[in-house]
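# A look at the structure
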Amino acid sequence: MLQLNDRKRKLLTNLYQRWSDEPVLEITPLPESGSYREYYRLKGKEKSAIAVYNADKKENKAFIEFSRHFSEVGLPVPQIFAEDLEKDIYLLEDLGDITLFSYLTEIRGQQDFYKNVVSIYKKVIDILPRFQIEAGNRLNYELCYPRGQFDKQSMMWDLNYFKYYFLKLGKIPFDEQSLEIDFHTFADYLLSTNCGFFLYRDFQSRNIMIKDGEPHFIDYQGGRRGALQYDLASLLFDAKSRPTPQCPCGTIGIYILAAKKFTDFDETEFIQMFFGYVLIRILQALGAYGFRGFYEKKEHFLKSIPFAIDNLSWLLNTVSFPFKMPSLVKALQEVVSSKEFQQIGEVRRVHTKT
């Protein structure tokens, strides 16, 4: 749990009091996530806000300006109450504690589970193209951080993140040069589609809040230009919240209908390219789990690995890609069959039952 030192406490309480015109009565650190940002819930007698401390000034600026732009478009994002970016702090609307992930966990096993899942995912998917296309058309991409586009350089960063923090630390053998060739082939394929839309980048169940039964959206500060398929892949193949293997495929059609209200595209090509973006998203997630789990020893991320491997196994057994990447496929097959990860899976199964 985060420890709030005296300096940060003073900064946050002063900003809250200037905004609310009332003293802070309660400060509660929120659980740590996959970033180094710090979140606190501040409450007074009448009001509540989420305070954020983040030393990355460029990231803060991107989040604040994106939030204002999305709000102007009418998208359900948190209102910015106050900011002092020189001191690396700002206040957000308090959207509560229910994420899409926690909502799915709570209703899992209930009689109407699948019906409720389809209902909430349809709401989320109907809104996604508004971020990507409607809001993306007028977004200031100069604010994007760390890069303005999910281009080949960005893809190579993600693929190498997977290589060094997951394959290496997970003791999966691979040929360095052959794998590098496959990475370039894979990235070139992904870039062969239209990459001129807003890519939310981390469009997954922990970044979608459910308030009064409706979805609200957070953590889009890493957004940049990219392909439509990436965010849908992030949502539907989110490691621990994917309800069934069939559910993601059945919702692609819902997304296509929603997106075609804003732009036209070839549906066959979209679906073909979609599974390529599923793969790079899974690899990015495994890289993050490797870094946070193997390297930083954070148990939560270790427990996420088997769920991502389940998705990877399904993809390898279901999809045929229209190009060859033998070294990458060989390494992925090693991941799926690894005894090391099966042992982590035993931890997962015990955890899931409790």
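Refer to the structure printed above.
Within every chain, residues take consecutive numbers counted from 1 along the sequence as written. Thresholds applied to this predicted model are a pLDDT of at least 70 for local features of residues and 80 or more for the giving and counting of side-chain atom pairs; totals over whole chains, interfaces and linings are not thresholded and use all residues. Water and hydrogen atoms play no part in the side-chain values, which are based on all heavy atoms of the structure.

## Here's the deal with the packing of helix α5 (residues 152–167) against helix α11 (residues 326–337)
Two quantities define a packed helix pair, namely the angle between the helix axes and the distance between the axes. Between α5 and α11, the shortest axis-to-axis distance is 13 Å and the interhelical angle comes to 35°. Where α5 crosses over α11, the two elements pack in a sense that is left-handed. Every residue of α11 that contacts α5 at Phe 162, Phe 166 and Leu 167 is listed here: Leu 328, Ala 331, Leu 332 and Val 335. Amino acids outside the nonpolar list (Ala, Val, Leu, Ile, Met, Phe, Trp, Tyr, Cys, Pro) and the charged list (Asp, Glu, Lys, Arg) are all regarded as polar, and Gly is one of them. For the contact of α5 with α11, a count of residues per class yields seven nonpolar, no polar and no charged. Note on geometry: axes are C-alpha line fits, over the in-contact stretch for helices, and angles between N-to-C directions span 0 to 180 degrees. Strands are runs of DSSP state E lasting at least two residues, helices are runs of H or I lasting at least four, and both sets are numbered from the N terminus onward. Less than a right angle of anticlockwise turn of the near helix away from the far helix marks a crossing as left-handed, whereas a clockwise turn marks it as right-handed. In what follows, residue pairs with any heavy atoms lying within 4.5 Å of each other are defined as contacts.

## Side note on the pairing of strand β8 (residues 214–217)
Across a regular strand the side chains alternate sides, sitting on one face of the sheet and then on the other. Should DSSP find at least two bridges between two strands, the strands are regarded as paired. One ladder, built from four bridges, connects strand β7 (residues 208–211) with β8; its direction is antiparallel. Looking at β8, one finds that Lys 211 is bridged to Glu 214. Linking β7 to β8, which pair antiparallel, is a turn of two residues; within it Asp 212 sits at a positive phi near 55°.

## Points about the sheet that holds strand β2 (residues 38–43)
The sheet built from five strands is open, its strands ordered β1-β2-β3-β5-β4 with antiparallel pairing. Because the sheet does not close on itself, it has two edges, and the strands there are β1 (26–29) and β4 (80–84). Each strand axis lies, on average, 20° off the axis of its neighbour in the sheet, ignoring direction. As paired elements, β2 and strand β3 (residues 48–53) share six bridges and run antiparallel to each other. Each residue of the ladder has a partner; that of Tyr 40, found in β3, is Ala 51. Helix-sheet contacts for helix α1 (residues 6–20) involve β1, β2, β3, β4 and β5 (89–93), and the interaxial angle to β3 is about 140°. Its contacts with the sheet place helix α2 (residues 57–73) against β4 and β5, and it is angled at close to 150° to β4.

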